[in-house]
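# Chains, contacts and geometry: an overview
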Amino acid sequence: MRKANDKTMKEAIAQMLNVYKIKRRFDETAVIAAWPNIVGKPMANRTKELFINNKKMFLRIESSVVKNELMMMRSQIIEKINTEAGDLLIEEIIFL
């Protein structure tokens, strides 16, 4: 039987992330880990480098064809990431 002040594990982790102010970094790491699910494995395999800094996602793509396709899908990718995160994580995608 649960007591009045008991929390689920999910609630406790969410509270800890907010208290230590690391929720944003945790969410950014989750986006990087989910990159193959966001754009698909063939495109993710062509991604050499991926990092997030100041709400900007930086990508280094080895194929110009894949880079061009990702540039055309840029706004859709940003929308999908922010929708899944439930927060404004990415404002811009920059190709290196």
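Look a little higher up for the structure.
Summary of the structure given here.

About the criteria used
Residues numbered from 1 in each chain as written. Predicted model: local features only at pLDDT ≥ 70, side-chain atom pairs only at ≥ 80, totals over all residues. Heavy atoms only, no water. Helix = DSSP H or I, 4+ residues; strand = E, 2+ residues; numbered from the N terminus. Rg over C-alpha atoms; globule rule 2.2 N^0.38 Å. Buried < 20%, exposed > 50% of the residue type's maximum accessible area, 1.4 Å probe, protein only. Contact = heavy atoms within 4.5 Å. Polar contact = N/O pair within 3.5 Å; in protein donor to acceptor, adjacent residues only side chain to side chain. Pairing = 2+ DSSP bridges. Expected span 1.5 Å × (residues − 1). Arc of directions from axis to C-beta.

With that out of the way, let us pick up the overall build of the protein chain. Secondary structure summary: the protein chain contains six helices and three strands in total. Beginning at the N terminus, the succession of helices and strands in the protein chain can be written as α-α-α-α-β-β-α-α-β. For 96 residues, the compact-globule estimate of 2.2 N^0.38 gives 12 Å, and the protein chain exceeds it by more than 25% at 16 Å. Along the first, second and third principal axes, the C-alpha atoms of the protein chain reach 60 × 25 × 20 Å. Burial status across the protein chain gives 28% buried among its 96 residues. Partitioning the contacts of the protein chain with sequence separation of at least 6, the portion at a separation of at least 24 is 49%.

What follows covers the side chain of asparagine 82. Mapping asparagine 82 onto the fold places it in helix 6 (residues 74–85). A polar contact is formed between the side chain of asparagine 82 and the backbone nitrogen of leucine 89, at a distance of 2.9 Å. Not counting residues up to four positions away in its chain, the partners in contact with asparagine 82 are Asp87, Leu88, Leu89 and Ile90.

Before going further, it helps to examine the pairing of strand 2 (residues 56–61). In this sheet, strand 2 lies alongside strand 1 (residues 47–53) in antiparallel orientation, the contact comprising six bridges. Among the inter-strand pairings, leucine 50 is bridged to a residue of strand 2, identified as leucine 59. The hairpin turn running from strand 1 into strand 2, its antiparallel successor, is two residues long, and asparagine 54 in that turn takes a positive phi close to 50°. Pairing geometry for strand 2 and strand 3 (residues 92–95), over four bridges, is parallel. Note on strand 3: the bridge partner recorded for lysine 56 is glutamate 92.

In this model helix 6 runs 17 Å from its N-terminal to its C-terminal C-alpha over 12 residues, within 8% of the 16 Å that 1.5 Å per residue would give. All of the buried residues along helix 6 are Ile77, Ile78, Ile81 and Asn82. Around the axis of helix 6, the buried residues are gathered within 125° of arc, so they sit on the same side. More than 90 degrees from the buried face of helix 6, the exposed residues found are Ser75, Gln76, Glu79, Thr83 and Glu84. Glycine 86 lies just past helix 6 and shows a positive phi near 75°.

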